[in-house]
Amino acid sequence: MAKILNFFRTIRNNWKKSLVGVAGLSYGTSYSKTVYDTNQLMRQYCENVSQYGDLPLPTNVKPRHVTIILNPVAKNGQAKKLFQYYCEPLLHLAGIVVTIIQTQSQNDARKIIMNLDVPTDAIIVAGGDGTLSDVLTGLVRKYDCNLNSVKQCPIGILPLGQANKIAKSLYREYDDLSDVKQIIEATMAIINEESKMIDMIEIKSIEDNSEEPIKPIYAMGTVEWGAWKDADASASKYWYLGPLKKYATYVFNGFKNNLNQYCDAILKYTLPCEGCSRCNRNNSFLSGSSNLNTRWWHAFIPKTTTTINNIDYSKIINEKCDILHELPVSTSELHIETSNLDKSQVESSPPCLKVKMGPKDIDYFSFVHKGWRKEKSNQSLCDQVAEAKHIELSPQKVDKDCTLYIDNEEYELKNVEIKLLSRAVKVFCTQMNS
């Protein structure tokens, strides 16, 4: 009994050290449990996947080959480590031939894709939304806007970036080990060859009088412009504040003038359409000519016809299609999103772009408060105001410091045309979303 009393007396006399010790012990226990659970999870999946690799392969069939575009600096420099630990072992155990190409700089992914001449069954993006946008842009440019060729190349998305909005919409949400389980689930979708067609958007400059016209950018997620987005993008400047930098950025960036008119523009748009004679006529150039160039996967992927679901859209009349509607915009935040980000989107509903605007009557304290709430709840501050198929965005005042974000990549703000390309890309995903 005396030893027990002495123990508690020692703790009381050294309560600061005791608190530090308890905190360290608690963290160590939690970390050890996480490592153990992760190892057990990987062991289970490795045992299951090894069955694929053990299956005999006919002599006249080549093993599957995938090309990995890996952004090593994604996820604060952790992307390569995560890929090597959670993705690469499963792909090798499944008997898949893997070629890994690491990006060296910004926009390097699109150059890699455009110069790629190695036959492959799929392209796998190991990074964030920005890397995915670069891969899509390089892919479409490689085929000169020939979507029939682009559709034949499956895309895999490994959520190894910071935001991963597209990947999170394709895979389940978990209560524990969420990031790890989503990475493994994405890898398993590639192994099982589960896929579906999803939308893509084309963003190109409207006014371009230069001798070398600016080529369009392609993405799957969202086009953003606004005060909160600018503040969020500048959070890295406050790295010295550690985990508080995400909150401090709203404090330091809230002193902007005219928060309520931060996004001042004229937005013209057409309504969504499931397909008609006008859509078929206006988008005919996207299907390309019948004389396709021989490229790196044409040798082993069969050609597809230009008909979609055997529907003759030339006989469908939609008088409202391609009629421009005008929407004056004067708000704090403007987002244009694809339906890819909405898990509740009904597959049979017309594909569309969702125009969303931020709240009005914003002062400094409201800006900071709503920014903090966004970081805690990870919910959008914008409400949907319209659905569109084709958008022309014309900012009323263009400043060199104004930024347009396309899937979290920064671009100069200018007059742009945003076009929805419905079900233009085949993406690996789990069966629940197909």
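As recorded in an unreviewed UniProt entry, the protein chain goes by Acylglycerol kinase, mitochondrial and comes from Xylocopa violacea. Under the Cofactor (unreviewed entry) heading, UniProt states for the protein chain: "Mg(2+)". UniProt annotates the protein chain under Pathway (unreviewed entry) with the comment "Lipid metabolism; glycerolipid metabolism."

Looking only at helices and strands, the protein chain has 13 helices and 16 strands in total. Sequence-distant contacts, at least 24 apart, represent 82% of the contacts inside the protein chain between residues at least 6 apart. Total accessible area computed for the protein chain in this model is approximately 23600 Å², and 52% of it derives from carbon and sulfur atoms.

Here helix H6 (residues 129-142) spans 20 Å end to end across 14 residues, near enough to the 20 Å set by a 1.5 Å rise per residue. Asp144 occupies a position one or two residues after H6 and carries a positive phi of about 50°.

This part covers the side chain of Thr338. Within the element layout of this structure, Thr338 appears in strand E10 (residues 333-338). Relative accessible area serves as the criterion here: at 1%, Thr338 is assigned to the buried category. Side-chain polar atoms of Thr338 contact the backbone oxygen of Met220, separated by 2.6 Å. Sequence-distant contacts of Thr338, defined by excluding residues within four places in its chain, comprise Ile201, Met220, Gly221, Cys352 and Leu353.

Attention now goes to the packing of aromatic side chains. Under the definition given, this model contains eight aromatic pairs. For the pair Tyr85 and Tyr86, a centre-to-centre distance of 4.7 Å together with 80° between the ring planes defines the contact as edge-to-face. Of the residues examined, Tyr85 reaches a relative accessible area of 39% and is grouped as partly exposed. A cation sits over an aromatic face here: Lys229 above Tyr405, 5.3 Å from the ring centre.

Before going further, it helps to spend a moment on the environment of Asn257. Residue placement: Asn257 occurs in the loop between helix H11 (245-252) and strand E8 (263-270). Here Asn257 falls in the exposed class, since its relative accessible area comes to 68%.

The subject of this paragraph is the sheet that holds strand E12 (residues 383-388). Taken in spatial order, the six strands make up an open sheet running E12-E11-E10-E7-E14-E15, and their pairing is antiparallel. The strands lining the two open edges of the sheet, one partner per strand, are E12 and strand E15 (409-412). Geometrically, the sheet is characterised by an average inter-axis angle of 25° between neighbouring strands, direction not taken into account. Pairing between strand E7 (residues 222-226) and E10: five bridges, direction antiparallel. Pairing of Val223 across the sheet is with Ile336, part of E10.

Of all hydrophobic cores here, the largest spans 61 residues; its most connected members are Ile68, Phe83, Ile155, Ile157, Leu158, Met200 and Met220. Here this core takes eight residues from helix H9 (residues 178-192), the largest share from any one element. Dropping the residues within four chain positions of it, Leu158 is found in contact with Phe83, Cys87, Ile124, Val125, Ala126, Gly127, Ile183, Ala186, Thr187 and Ile190. Val223, Leu334, Ile336 and Met357 belong to the second-largest nonpolar core, a separate cluster that totals 27 residues.

On to the pattern of salt bridges. One pass over the structure, following the stated rule, counts twelve salt bridges. For Asp179, the salt bridge is made with Lys75, and the minimal N-O distance between the two is 3.7 Å. Note that Asp179 is positioned in helix H9 and Lys75 in helix H3 (residues 74-77), a separation of 104 residues in sequence. In this structure Asp179 comes out as partly exposed when scored by relative accessible area, which is 44%. Notably, a salt bridge pairs Glu337 with Lys356, separated by 3.1 Å at the nearest N-O pair. Taken together, the positions of Glu337 in strand E10 and Lys356 in strand E11 (residues 353-357) put the pair 19 residues apart, joining distant regions of the chain.

As a further point, take unusual backbone geometry. Even without being glycine, Asn76 reaches a positive phi, approximately 55°. Its place among the elements puts Asn76 in helix H3. Residue classification places Asn76 among the exposed residues on the basis of a relative accessible area of 65%.

In terms of burial, strand E4 (residues 155-159) is largely enclosed, as five of its five residues are buried. Here E4 shows a buried face lined by Ile155, Ile157 and Pro159 and a second buried face lined by Gly156 and Leu158. As judged from the five bridges shared by strand E3 (residues 122-127) and E4, these two strands associate in the parallel manner. Across the sheet, Ala126 pairs through a bridge with Leu158, a residue of E4.

Below, the discussion takes up the packing of H11 against helix H13 (residues 364-377). Their axes nearest at 9 Å, the elements H11 and H13 cross at an angle of 160°. Classified by the angle their axes make, H11 and H13 are roughly antiparallel. Between H11 and H13 the crossing geometry is right-handed. Facing Lys246, Tyr247, Tyr250 and Val251 of H11, the residues of H13 in contact are Tyr364, Phe367, Val368, Gly371, Trp372, Lys374, Glu375 and Lys376. Residues of the contact of H11 with H13, tallied by class, amount to seven nonpolar, one polar and four charged.

Most of strand E1 (residues 65-70) is tucked away: six of the six residues are buried. Of the two faces of E1, the one carrying His65, Thr67 and Ile69 and the one carrying Val66, Ile68 and Leu70 are both buried. Across six bridges, E1 lies against strand E2 (residues 97-102) in parallel orientation. Of the residues in E2, the one forming a bridge with His65 is Val97. In this sheet, E3 lies alongside E1 in parallel orientation, the contact comprising five bridges. Counted as the bridge partner of Ile68 is Ile124 from E3.

Thresholds, definitions, all that
Residues numbered from 1 in each chain as written. Predicted model: local features only at pLDDT ≥ 70, side-chain atom pairs only at ≥ 80, totals over all residues. Heavy atoms only, no water. UniProt positions renumbered as here; feature names shortened; annotations may be inferred. Helix = DSSP H or I, 4+ residues; strand = E, 2+ residues; numbered from the N terminus. Contact = heavy atoms within 4.5 Å. Areas by Shrake-Rupley, 256 points an atom, 1.4 Å probe, with all protein chains shown as cover. Expected span 1.5 Å × (residues − 1). Buried < 20%, exposed > 50% of the residue type's maximum accessible area, 1.4 Å probe, protein only. Polar contact = N/O pair within 3.5 Å; in protein donor to acceptor, adjacent residues only side chain to side chain. Phe/Tyr/Trp six-rings, centres within 6.5 Å; stacked < 30°, edge-to-face > 60°. Lys NZ or Arg CZ within 6 Å of the ring centre and 35° of its normal. Pairing = 2+ DSSP bridges. Axes fitted to C-alpha atoms, helices over the stretch in contact; angles between N-to-C directions. Core = buried A, V, L, I, M, F, W, Y, C linked by side-chain atoms within 4.5 Å. Salt bridge = Lys/Arg side-chain N within 4 Å of Asp/Glu carboxyl O. Parallel < 35°, antiparallel > 145°, perpendicular 65-115°, else oblique. Left-handed = near helix turned anticlockwise from the far one by under 90°. Nonpolar A, V, L, I, M, F, W, Y, C, P; charged D, E, K, R; others polar.

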